[in-house]
Amino acid sequence: MGGTARLSRVALGVWAALIVLFLLFPILLIVLYAFNPSNVQSWPLHGLSTKWFSSTFHNQQMRDALWLSVRAALISTTIAVLLGSMAAFAVHRFRFFGREAVSFLLVLPLALPGIITGMALNSFFVFGSVNFSLTTIVIGHATFCIVTVYNNALARLRRTQSSLVEASMDLGGDGWQTFRYVTLPVIATALVAGGLLAFALSFDEVIVTTFTAGAQNTLPLWIFGNIRLGQNLPQVNVVVLFVIVLTIVPVWFAQRLTRDTGVLRPGAGGAARVAVAAEGGAQA
Amino acid sequence: MSVRAEVAAGGPGLRTARRRASAALFRRGWLRATLLLSAPGAWFVLIYLAALAILFVSAFWRVDSFTGNIVHAWNLDNFKTIVDTPTYRTIAFRTIGIAAAVTITDALLAIPFAYFAARLAPKKLQTLLFVIVLVPLWTSYLVRVYAWRLILAQDGIVNWALGQVGLGSVSIAYSNWAMWIVFSYLWLPFMILPIWVAFERVPASFLEASADLGARGWTTFRRVLLPMVLPGVVAGSIFTFSLTLGDFITPTLVGGAGSDFIGNVVYSSVGIANNVPFAAAFATVPLLVMGIYLLVARRLGAFEAL
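Residues numbered from 1 in each chain as written. Chains lettered and ligands numbered in written order. Predicted model: local features only at pLDDT ≥ 70, side-chain atom pairs only at ≥ 80, totals over all residues. Heavy atoms only, no water.

Within chain A, the regular secondary structure consists of twelve helices and zero strands. Start at the N end of chain A and walk to the C end: the helices and strands fall as α-α-α-α-α-α-α-α-α-α-α-α. Classification of the 284 residues of chain A by burial places 53% in the buried group. Of the contacts made within chain A by residues no fewer than 6 positions apart, 73% connect residues no fewer than 24 positions apart. As displayed, chain A has an accessible area near 12400 Å², and 65% of this comes from carbon and sulfur atoms. (Helix = DSSP H or I, 4+ residues; strand = E, 2+ residues; numbered from the N terminus. Buried < 20%, exposed > 50% of the residue type's maximum accessible area, 1.4 Å probe, protein only. Contact = heavy atoms within 4.5 Å. Areas by Shrake-Rupley, 256 points an atom, 1.4 Å probe, with all protein chains shown as cover.)

Within helix α10 (residues 219-229) of chain A, nine of the eleven residues are buried, leaving the element largely enclosed by the surrounding structure. What α10(A) keeps buried is the set A:L219, A:P220, A:L221, A:W222, A:I223, A:F224, A:G225, A:N226 and A:I227. Those residues of α10(A) hidden inside the fold are in contact with α3 (60-93), α8 (175-204), α9 (207-212) and α11 (233-257) of chain A together with α7 (141-152) and α12 (249-254) of chain B. A:G230 sits one or two positions beyond α10(A) and adopts a positive phi of about 65°.

Listed as interface residues are 89 residues of chain B and, on the opposing side, 94 residues of chain A. For the pair chain B and chain A, the two sides together bury roughly 8600 Å², of which 82% comes from carbon and sulfur. Across the chain B-chain A interface, the total number found is nine residue pairs in polar contact (both at pLDDT 80 or more). Top contributing element to the side of chain B that touches chain A by residue count: helix α3 (residues 29-58) of chain B, with 20 residues. Counted by class, the side of chain B that touches chain A contains 70 nonpolar, ten polar and nine charged residues. (Buried area = accessible area lost by both parts, 1.4 Å probe. Polar contact = N/O pair within 3.5 Å; in protein donor to acceptor, adjacent residues only side chain to side chain. Nonpolar A, V, L, I, M, F, W, Y, C, P; charged D, E, K, R; others polar.)

Our focus in this paragraph is helix α13 (residues 262-271) of chain B. Burial of α13(B) is extensive: seven of the ten residues sit out of reach of the surface. Inspection of α13(B) places B:I262, B:G263, B:N264, B:V265, B:V266, B:S269 and B:V270 among the buried residues, and these make up the whole buried set. Residues of α13(B) that are buried sit in contact with α5 (114-127) and α9 of chain A together with α5 (86-120), α12 and α14 (276-299) of chain B.

Between two packed helices, the angle of one axis relative to the other and the distance separating the axes together describe the packing. Residue and element names in this part refer to chain B. Contact geometry for α5 and helix α9 (residues 176-201): axes closest at 6 Å, N-to-C directions at 40°. Put simply, α5 runs oblique to α9. At the point where α5 passes α9, the crossing takes the right-handed sense. Residues belonging to the contact of α5 with α9 are distributed by class as follows: 22 nonpolar, four polar and four charged. (Axes fitted to C-alpha atoms, helices over the stretch in contact; angles between N-to-C directions. Parallel < 35°, antiparallel > 145°, perpendicular 65-115°, else oblique. Left-handed = near helix turned anticlockwise from the far one by under 90°.)

The next subject is the confidence of the model for chain B. All names here are of chain B. A residue-level look at chain B finds 93% of positions with pLDDT of 70 or above and a mean pLDDT of 86. In the model of chain B, helix α1 (residues 3-8) stands out as the element of lowest mean pLDDT, 49, in contrast to α5, which has the highest, 95. Model confidence for the complex is summarised by a pTM of 0.83, with the ipTM given as 0.84. (pLDDT = per-residue confidence, 0-100.)

Moving on, we get to unusual backbone geometry. All names here are of chain A. For the bond from W43 to P44, the omega torsion is 0°, close enough to zero to count as cis. Structurally, P44 is set in the loop between α1 (2-33) and α2 (51-57). The backbone phi angle of S129 is positive, close to 50°, even though this residue is not glycine. Looking at where S129 falls in the secondary structure, it is placed in the loop between α5 and α6 (134-159). Under the relative-accessibility criterion, S129 is labelled exposed at 64%. At N232, a residue that is not glycine, the phi angle is positive and equals roughly 50°. Positionally, N232 belongs in the loop between α10 and α11. Taking the relative accessible area as the measure of exposure, N232 reaches 32% and is therefore partly exposed.

Glancing now at the side chain of B:R94. Residue and element names in this part refer to chain B. Its place among the elements puts R94 in helix α5. Despite its burial, R94 pairs with no opposite charge; the closest candidate is D260, at 6.0 Å N-O. Not counting chain neighbours up to four residues away, the residues in contact with R94 comprise N176, G258, S259, D260 and F261. (Lys, Arg positive; Asp, Glu negative; His and termini not counted. Salt bridge = Lys/Arg side-chain N within 4 Å of Asp/Glu carboxyl O.)

Turning our attention to a nonpolar patch on the surface. Residues and elements named next belong to chain A. On the surface, a nonpolar cluster with roughly 450 Å² of combined accessible area is contributed by V10, V14, L18, L21 and F25. With respect to the secondary-structure elements, V14 resides in helix α1. With relative accessibility at 45%, the residue V14 sits in the partly exposed group. (Patch = residues over 30% accessible without salt bridge, like charges linked within 9 Å, V, L, I, M, F, W, Y side chains within 5 Å.)

The following block contains the structure:
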C-alpha cells in the first residue's frame, strides 16, 4: 500500500517536471535564437553573438511599426483606464436594472473568438466608410482592454470598506474631495495594474489588429508578416526578445501592485471570464 | 476651516455650489450611475454592439459577382455555399476536430499536473509552479508560435535531437500534427488553472472519509476527486476549444498548405476576396458551436464551480 502511494507520488512529480519543461523550453529557446550569428535558423546554433542587434534597431520599418504599436497601446490604455474605472464605479456603487449585463458586455470582446470581434469591427468600418488608421486600431484595442481595468478596479472597490467614504463625507468632504483624497488613493494601484495589463494586451494583440489596421504595420503584424514570408528572420529574433521583455515587465509590476486582490491568481481573471461567458451562452 | 482649504476648494461661492451638486448626486444614485455609465455604455453600444449587429446582418447579404458591391438583399446563399461546398465542410470539420483533440490533450496533460501542484507540492514549490504556468500565458502569443515553428522545422531542434540518438528524423513541420502540438502548448495554462483551483477546493475531510470507508488511493481519485474537478476541466475546455476555433495565425505559421481553419477562410474572404458577407456567414459557425458548447458546459456545472 505505502509503496504504491510513494510510487504514484514520484510518478506525479516526474509528470509535473515534464510539464514545466514543456512550458518553458520554447521560451528559453527563442531567447537563444536572438543571439544566433547565422541568418539561417537551424539548430544547433554556431556560437552566440549580438551582431544583429544594431541593424535591427536601425531598421526603419521595424521602428515605424514599434512606434505605431507604442502609440496605439498608450492611447488604448488611457481610454481603457477612463472608461473601465467609470464602469467599475457605477457597477460597484449602485444597484440598477441591467447591472449584470454591463459586466457581460465588457467581457464579451475577450470571451468571443478574436476573429469575431475583428470581423465585426472590420465590417463596421467598411460600411461606415471609415479609413483604416491609428484611430481604428485604437478602437479595436480599447474595446478589449477596458475589461482589464474594470476587473481590477472593481475587485479593489469591493475590498474597500464603504465606511471610508462615509467618514470623509461626515467630516465635511464633498463628492470631489472624497474622490480625490479617499477613493482615488485607494484604487490608484489597481488602476495602474489594470493599465499595465491593458498595455501588454494591446502591445501583443494580432488577430483583431489584422482586421482593423488596413495596410499599417504594428509590431506584431510586422513580426507576423516577416515570419510568414521568411524574411528578415535574424531581426525578427531580436525583436522577439525585445517583445518578451516588454510584455513580461508590465505584467510583473501589475502582479506586484495587486497582491491583495490578486488579479493574476487562478480563479480571479480567468474564472470571471468563464462565468460571464456562461451567462451569455445561456442567454443566446 | 483654514484659509488654505477654502482657497483650495475654490472660494465660498463655488464651494457651496459644488457641495450642493455633490449632495444631489449622492442622493440620486441612479443619476450618478447614469453619468458614470454613459461613456463606457456609449462606446460599447455605438461601436461594439453595432459592429456585431452589422456582422450578423451582413451574413445574409451577398456580393454582386460582377461589380463587387454588396447587395442588401436578404438571402441564405452564403450559408448554402458553406454547407454545399465540400472544401468548406472539410475546413469546418478540421477546425472543430483539432479544437476537440487539443482540448482532450490539454485535459490529459493538465489533470496530473494540477493534482500534484494543488495537493502534493509544498507551499514554496506551489508558488514557483504557479509562476511557471503564468510565464507562457503572458509571453507574446506570436512569439510562442514562432518558437514552435523553429523547433519543429526540418532543421530544427527536434530533428537534431532525434538524429543525435540515431532515430533519423520526422517531418511534422507544416502539418495538422504541428498544429495539434502548438495549440496544445498555447492553451495548456488555460486548462491547468481552473483544474488547479478545483483540486484545491476539495475538502481534505472528503478524502479522509473515502479512506475511512476503505477506498484505496486510485478509487478515491476516480470516485471522489475526479467528479469534483470535472467542472474545472469543463471550464478549462471552454478556453482551449474557443481559442482554437477562432484562430488563424497558428494555422498560417505552422500548418501546411492544406491546413486552413475557418479563420483562414474568413481572413482571406475579407482581405483578399473582399467578400464580407461570406466571411460573416462562415464566422457564425464558431459562434454557433461555442454557443452550444457553453450550454452543455453550464449543464455540467462548469460555472458554479468557479
